Amino acid sequence: MTQCSNDPIAKDVRIEEHQSGLYVNISPNTKASYSDITRYIKTLDIVNPDYAALKRAFTQSKGRNIKIGSKGKTAFPPKQDSTQTVKLASTNQTSPASIEKDIKVEEHQGYMYVTVPPDKEIGYHQVTGFIKTLNLKEVDFKALKKAYSESRGKSILIGPKGESDFTSQGPSSLAVEISEDKKTAYVTFYPKKSDDSITYRQIVSELRSKGVVRGHMVEEIKKLAKNAPHRKKVQVAQWLPPMDGIDGKLTYHVPVYKDLLPFLLEMGPDVPFDEINFIRIAKKGKLLISRVPPVKGVPGCTVTGEKIPYKKGENVAIKKNKYLTLSPDATKAYAAMDGQVIMDEDGKVTIRLVKVLKKTASSRELKFDGSILIQGDLDFCPAIIASGDIEIRGANQNVSLWAKGNILVKGPLLMYGGKKGKALKDFACATTNNTQIAARNIYVDKAVSQAQLEASEGVHMNPNHGTLIGGEIEAGREVVVGQLGNKKETMTIVRVATNEIQAKYNEVKKKGIEKKVQTIKGKFDATNAEYLKLDQERREFEGDSLPEEMDQKIKKVKEKKESLQSDLDHWKTELVRCKSYKPDFNLGEVSCSYAHAGLRLEMGASVREIKVPIDSPVRFLKRTVGIITEFKDMVKTEEEKKKEAAMALEESGAEEVQEKKPE
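Residues numbered from 1 in each chain as written. Predicted model: local features only at pLDDT ≥ 70, side-chain atom pairs only at ≥ 80, totals over all residues. Heavy atoms only, no water.

### Side note on the overall build of the chain
Per the secondary structure count, the chain includes 11 helices and 42 strands. The buried share of the chain, taken over its 663 residues, is 41%. Of the contacts made within the chain by residues no fewer than 6 positions apart, 47% connect residues no fewer than 24 positions apart. Split by element, the accessible area of the chain, about 38,800 Å² in all, is 50% carbon and sulfur. (Helix = DSSP H or I, 4+ residues; strand = E, 2+ residues; numbered from the N terminus. Buried < 20%, exposed > 50% of the residue type's maximum accessible area, 1.4 Å probe, protein only. Contact = heavy atoms within 4.5 Å. Areas by Shrake-Rupley, 256 points an atom, 1.4 Å probe, with all protein chains shown as cover.)

### Some remarks on the sheet that holds strand 12 (residues 281-282)
Reading across the sheet, the three strands line up as 12-18-19 and stay open at both edges, with antiparallel pairing between neighbours. Each of the sheet's edge strands pairs with one partner strand only, and the pair in question is strand 12 and strand 19 (349-352). (Pairing = 2+ DSSP bridges.)

### Considering empty space enclosed by the protein
The final tally for this structure, using the stated rule, is one cavity of 30 Å³ or more. In this structure, the largest cavity occupies an estimated 50 Å³ of space. In terms of lining, the largest cavity is formed by Leu264, Met267, Gly268, Pro269, Val271, Phe273, Ile276, Tyr443, Asp445 and Asn462. Of all the secondary structure elements, the ones that give two or more residues to the lining of the largest cavity are helix 8 (260-267) and strand 30 (436-449). Along the lines of polarity and charge, the residues of the lining of the largest cavity split into seven nonpolar, two polar and one charged. (1 Å grid on protein atoms, 1.4 Å probe; cavity = no way out; pocket = protein on both sides within 12 Å on 5 of 7 lines; lining within 4 Å. Points joined across faces, edges and corners; volume = space filled by probe spheres on them. Nonpolar A, V, L, I, M, F, W, Y, C, P; charged D, E, K, R; others polar.)

### A look at the pairing of strand 19
Burial along strand 19 is one-sided: Val349 and Ile351 are buried, and none of Thr350 and Arg352, which face the opposite way, are. Inspection of the sheet shows strand 18 (residues 339-343) paired to strand 19 by four bridges, in the antiparallel sense. Bridge pairing in strand 19 places Ile342 opposite Thr350. Adjacent in sequence and paired antiparallel, strand 18 and strand 19 are bridged by five residues, among which Gly347 carries a positive phi angle near 90°.

### Structural notes on the pattern of salt bridges
Across all of its chains, the model carries 24 salt bridges by this definition. Residue Arg440 is joined to Asp259 by a salt bridge in which the shortest nitrogen-to-oxygen separation is 2.7 Å. Here Arg440 is found in strand 30, whereas its partner Asp259 is found in the loop between strand 11 (249-252) and helix 8, with 181 residues between them in sequence. Owing to a relative accessible area of 18%, Asp259 belongs among the buried residues under this scheme. The shortest N-O distance in the salt bridge between Arg600 and Glu602 comes to 2.9 Å. Residue Glu602 is classed as buried on the basis of its relative accessible area of 15%. (Salt bridge = Lys/Arg side-chain N within 4 Å of Asp/Glu carboxyl O.)

### Points about unusual backbone geometry
The backbone of Lys182 sits at a positive phi, close to 60°, despite the residue not being glycine. The topology assignment puts Lys182 in the loop between strand 8 (173-178) and strand 9 (184-190). The class of Lys182 is partly exposed, set by a relative accessible area of 34%. For Ala330, which is not glycine, the phi dihedral falls at a positive 60°. Relative to the helices and strands, Ala330 resides in the loop between strand 16 (324-326) and strand 17 (332-335).

### A closer look at the side chain of Ser371
Looking at the element boundaries, Ser371 is found in strand 22 (residues 371-374). Judged by its relative accessible area of 0%, Ser371 falls in the buried class. Within the structure, the side chain of Ser371 is placed 3.3 Å from the side chain of Arg352, a separation counted as a polar contact. At 3.0 Å, the side chain of Ser371 and the backbone nitrogen of Asp389 are in polar contact. Leaving out residues up to four positions away in the same chain, Ser371 has contacts with Ile279, Gln340, Arg352, Leu353, Val354, Lys355, Gly388 and Asp389. (Polar contact = N/O pair within 3.5 Å; in protein donor to acceptor, adjacent residues only side chain to side chain.)

### Structural notes on the pairing of strand 41 (residues 618-623)
Both strand 37 (residues 589-592) and strand 41 contribute to a ladder of four bridges, which runs antiparallel. For Cys592, the partnering residue across the bridge sits in strand 41 and is Val618. What sits between strand 41 and strand 42 (residues 626-631) in their antiparallel hairpin is a turn of two residues.

### What to know about the packing of helix 4 (residues 124-132) against helix 5 (residues 141-149)
At a minimum axis distance of 10 Å, the contact between helix 4 and helix 5 shows a crossing angle of 130°. Taken together, helix 4 and helix 5 sit at an angle that is classed as oblique. By crossing handedness, the relation of helix 4 to helix 5 is classed as right-handed. Here Tyr124, Val127, Thr128, Ile131 and Lys132 of helix 4 lie close against helix 5, whose contacting residues are Phe141, Leu144, Lys145 and Tyr148. (Axes fitted to C-alpha atoms, helices over the stretch in contact; angles between N-to-C directions. Parallel < 35°, antiparallel > 145°, perpendicular 65-115°, else oblique. Left-handed = near helix turned anticlockwise from the far one by under 90°.)

### Quick look at the side chain of Thr302
In this fold, Thr302 is placed in the loop between strand 14 (300-301) and strand 15 (307-308). Judged by its relative accessible area of 8%, Thr302 is buried. There is a polar contact of 3.1 Å between the side chain of Thr302 and the side chain of Thr304. When near neighbours in sequence (up to four residues on either side) are disregarded, Thr302 contacts Asp181, Lys182, Arg214, Trp239 and Ile308.

This is how it looks when you write it as structure tokens:
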């Protein structure tokens, strides 16, 4: 007679009635613990259950009928409702199948030690049950109790080794462990005998049965199959990390446009001045920009097969304008016209028209909305005026020059009789004599003689051979030259960062910012009006979905409005600074390699006249206390001096002689 019960353990524990008594048969595949089974047996009407026999049925004789007692007076089995069902252990309790890999048993010099993990929910009866399955001699259960209760995680001596080999009495098994993040998987081999082995196919089959379906480490599994270490955890699977996509990229085939002074400083003082070409003309159809499409990316995968998301590569597009012609697939952009290519640091490309002349001889002014390139000398002409840059690859014979951009004269610059040269940006020439030049920055390669130079920022010369003699030099921030003055002690006046200069250029800057604020404000008002109109149209849809074209247009106008607002706020802040102008007492520097007598320095409110030549590199700094003289050799660091001394010693070939300390 077999029992019928609603208890979930009943499917794993079969009770049969025979003439001699009641017999129990425990399924070998049961996940229930011994305590669960005893609680279940106690719910049945069995007279004096033999718990020793029940223990044997659970530990050694699973799948076999074992007599455990006789039937009681009531009908067997008693009826149970759902409220009498015995609960199984909590799901996080360690099952008997995993006890062997959790409890560490080690042999050392004939004695056995046990370590119970501190982070596992294991019952003491499970620990003792596992130890009893091992062939140990005289187990010290008191020490075992200590290992379970007081010394979790520590190795505790529990007794001597048995006579036969120390192995589990159960069948050989392979335990699979998957990390919490599912990025790695491990196996531990528990052999029945010391000579047990395992095959590659068995390992892979066990991994797949436990859900480890990806990232198998084939070579490691082969090594494990060839020589499996007993009871040692070995990694056999590894996750596949995601491969993030690569953003699309724009490659520019033209250099970033620089103003004239940064362009010359980047070329360096050793490049011959007459070989420098500033205005570079691109022919129509020249490749300017090419686009590399983004790489999509590949998702990763855990060892159990779950996909791990990846970052997609962002696309980038070439912004079309009237200066560019796009290829059919929009991966290349070509020049739409001949002209000077201007590319800013943000990658925005425009093309400026260029008027090219071999030489000039005219009775009328030459005006052009763009840049002007003259390949020869300037002969007679009242003036040359350009909204862009001006480059003269020859000499200037008394022609006034004016440009909103930069001006470069590769030959001598001669202007007299009221003729002037003016650039809103930078002005550069080879030599100049008796001229008036005004610009943001002025660069002269070789010599300046009796000239009037006005620079809102700085005057620069080639440090190798640049000589400034006579005249008046006025700069907002700095003057950097080779030699100042001459042996004849010609009066040379250099004014840097005086209060008058700072106030003058602050007023110029303020007027420029006021004009810029008005321009940006006009654009902002127009854009804001367009946005309000579109927003009113959007409201009329009353919750209905907007047409895609209209939605894109609103977003585009909104972005433009926000950008203009940001620019307007920035320049308004700059305007406030200009209106609340205060002189900077720590602004101004004059630097040279040689200073002759006859030099007069005016810096701030201080004046210094050089009456004795200074034949070493020196710089004069404006400070609140006056003009500070700083010799460059004196400000060198100790490390630089040591390096220079070592190099000089190496070049001379002399041996270093160390001074002997007196005894």
